[in-house]
Each structure stands twice: as structure tokens, then as C-alpha cells.
Amino acid sequence: MKAPRRKPEPVQVIKQRRDATLRALVEGVPYIQYLGMQFERKGDELTGVLPFDQKLIGNPMLPAIHGGVTAAFLEVTAIITLSWTYLWEDVESGAIDTATLEAGGLPRLPKTIDISTDYLRSGLPRDAYARARINRSGRRYASVHVEAWQDNRTRLFAQATGHFLMPQRRD
């Protein structure tokens, strides 16, 4: 005898679980709060947003966003995107408990092995955006490419390629 088919969850419940997971990932890293970074979610795609703040300026004569802020923005976007992809199936299936996340039960994040940043032009004193593309992701290792722009998606001001050690899955 077949087990009865489980009724699908309402889409709003799934969206709330997605939002709670992303919020836990972002709020679990204090430096993300310091920079003021945010993430916009459209389905499984994330866009990192770095709202302009005067404290991000490295060279007040230009003015330009500090190179360290730019590199951190790219690296954090890569890590959060990797984590989001890594957790996606658990979020969708309901295996992730939002109450645990909201109580500080943050999943382990990938660790940076190395990252190489290309500064293509000065980051202007305005909002910046970044998207990561995962080139390869296995059980232990991932390779990610990140691109950052400001006003025009085709006019990048920085890009980075990084390699990351993936956290071990808890089964």
C-alpha cells in the first residue's frame, strides 16, 4: 500500500523559510553589518548590495571606495552565494529549522583558501552591486567568480576569483 502523498507547503511558508535562512547567513557575520551589506533574493539568485556610506571611502581626493572594502564585498558575496547554494535543497525541503536559525544556529560557512581581486576602475561614491557565479562546487572545494558594478551591469569596477573549502555536511 502506498503512503499518502504529502500536501505541498504553501509558497508563503517556503518564502519565509528562504528569507529566514538568508537573514541568518547575513546577520551571522558582524563585518557584513559593519559594511552595511545587504542581499537581494530573486528565487535562488542573490545580488550583493553595498549601499554607499562615507566610511567606505579610501581616497577622499578622488573620492573612491577603499580597495579593502571592495575586496571584502566580493569575498563576502562569494561566501554568502556559496552558502545559499549549499543550503538551497535543505531550505526547499524544510530540513532547515527556521527557529534554530533565528536562535543563532548558523550553518557553517565556506572558508576562503585564496582569492584574487582585479580592480578594473575606481569604485565611485555610490551604491555597488555584485553577483557570484559558482564555477565548480564539490563536497570539499568550490571555485567562484564574482563581478561588481555600480550604475551599469556591463561596466564592472572589480572582479574576483576565489577558491573555498566547503563545510562538511551534517547528515
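In this numbering scheme, every chain counts its residues from 1 along its sequence in written order. Local features in this predicted model are restricted to residues of pLDDT 70 or higher, and side-chain atom pairs are both shown and tallied only at a pLDDT of 80 or more, whereas totals for entire chains, interfaces and linings draw on every residue. Hydrogens and waters are ignored; side-chain quantities use all the structure's heavy atoms.

Within an unreviewed UniProt entry, the label attached to the chain reads Thioesterase, and the organism entered is Roseobacter cerasinus.

Undergrad: Please give an account of the overall build of the chain that cites residues and values.
TA: For helices the rule is a DSSP run of H or I covering at least 4 residues; for strands it is a run of E covering at least 2, with both sets numbered from the N terminus onward. Within the chain, the secondary structure is distributed over four helices and eight strands. Secondary structure elements of the chain, listed N to C terminal, follow the sequence α-α-β-β-β-β-α-α-β-β-β-β. Considered along the principal axes of its C-alpha atoms, the chain spans approximately 75 × 30 × 30 Å. Think of it in three bands: with a 1.4 Å probe and only protein chains considered, a residue is buried below 20% of the maximum accessible area for its type, exposed above 50%, and partly exposed in between. Residues classed as buried in the chain amount to 40% of the 171 residues present. When contacts within the chain are restricted to residue pairs at least 6 apart in sequence, long-range pairs at least 24 apart make up 65% of them. Roughly 10,200 Å² of accessible area belongs to the chain as shown, and the carbon and sulfur atoms make up 50% of that amount. When charges are counted, Lys and Arg contribute as positive and Asp and Glu as negative, whereas His and the chain ends are disregarded. For this purpose, a charge sits on NZ of Lys, CZ of Arg, CG of Asp or CD of Glu. In the chain, the 24 positive side-chain charges and the 19 negative ones have mean positions that sit 5 Å from each other. A contact between two residues is defined here by any heavy atoms of the two lying within 4.5 Å. Computed by Shrake-Rupley with a 1.4 Å probe, the accessible areas treat only the displayed protein chains as cover when residues are assessed.

Undergrad: Help me get a handle on the packing of aromatic side chains, residues and values and all.
TA: Pairing of aromatic side chains here covers Phe, Tyr and the six-membered ring of Trp, requires ring centres within 6.5 Å, and sorts the geometry by plane angle: under 30 degrees stacked, over 60 edge-to-face, intermediate tilted. With the rule as written, the count across this model stands at three aromatic pairs. Geometrically, the ring pair formed by Tyr 31 and Tyr 34 is stacked, given 6.1 Å between the ring centres and 15° between the ring planes. You can see Tyr 31 and its partner Tyr 34 sitting in helix α2 (residues 30-35), three residues apart, about one turn around the helix. Two limits define a charge over a ring: the Lys NZ or Arg CZ must be within 6 Å of the ring centre, and within 35 degrees of the ring normal. Above the face of the Tyr 34 ring, Lys 55 is positioned so that its terminal group lies 4.2 Å from the ring centre. Over the face of the ring belonging to Trp 149 we find Arg 153, whose NZ or CZ atom lies 4.1 Å from the ring centre.

Undergrad: I'd like a description of the sheet that holds strand β8 (residues 156-165), backed by residues and values.
TA: For two strands to be treated as a pair, DSSP must find at least two bridges joining them. Spatial ordering of the open sheet is given by β1-β2-β6-β7-β8-β5, a layout of six strands whose pairing is antiparallel. Taken across any chain shown, the strands that pair with only one partner, and hence form the sheet edges, are β1 (38-42) and β5 (111-119). Going from strand to strand, the sheet's axes swing by 25° on average, the running direction of each strand aside. Note: β1 against strand β2 (residues 45-50), five bridges, orientation antiparallel. Looking at β2, one finds that Arg 41 is bridged to Leu 46. In this analysis an axis means a line fitted to C-alpha atoms, helices contributing only their contacting stretch, and an angle means the value between N-to-C directions, from 0 to 180 degrees. Strand contacts of helix α1 (residues 11-27): β1 and β2, with the helix running at about 155° to β1, the strand carrying the most contacts. Most of the contacts of helix α3 (residues 67-93) go to strand β6 (residues 128-137), to which it runs at about 50°, and overall it touches β1, β2, β5, β6, β7 (141-149) and β8.

Undergrad: Can you tell me about the environment of Trp 84, naming the residues and giving the values?
TA: Examined against the element boundaries, Trp 84 turns out to sit in helix α3. On the basis of relative accessible area, Trp 84 is assigned to the buried category, the value being 1%. Along the sequence, Trp 84 and Thr 21 sit 63 residues apart, while their C-alpha atoms lie 8.2 Å from each other. Leave out the neighbours within four places in its chain, and Trp 84 touches Arg 18, Thr 21, Leu 22, Leu 25, Arg 41, Gly 43, Asp 44 and Leu 46.

Undergrad: Before we move on, could you go through the pattern of salt bridges and cite the residues and values that matter?
TA: Two side chains with opposite charge may pair up if their charged atoms get near one another. For this analysis, a salt bridge means a side-chain nitrogen from Lys or Arg found within 4 Å of a carboxyl oxygen belonging to Asp or Glu. Scanning the model with the defined rule gives five salt bridges in all. A salt bridge links Glu 45 to Arg 131, with the nearest nitrogen and oxygen atoms 3.7 Å apart. Residue Glu 45 is located in strand β2, and its partner Arg 131 is located in strand β6; the two are separated by 86 residues in the primary sequence. Residue Arg 131 is classed as partly exposed on the basis of its relative accessible area, which comes to 27%. Measuring nitrogen to oxygen at the nearest pair gives 2.7 Å for the salt bridge that ties Asp 151 to Arg 126. Of this pair, Asp 151 sits in the loop between β7 and β8 while Arg 126 sits in the loop between β5 and β6; the two residues are 25 residues apart in sequence, bridging distant segments of the chain. Judged by its relative accessible area of 62%, Asp 151 is exposed. Classification of Arg 126 by relative accessible area gives partly exposed; the value is 32%.

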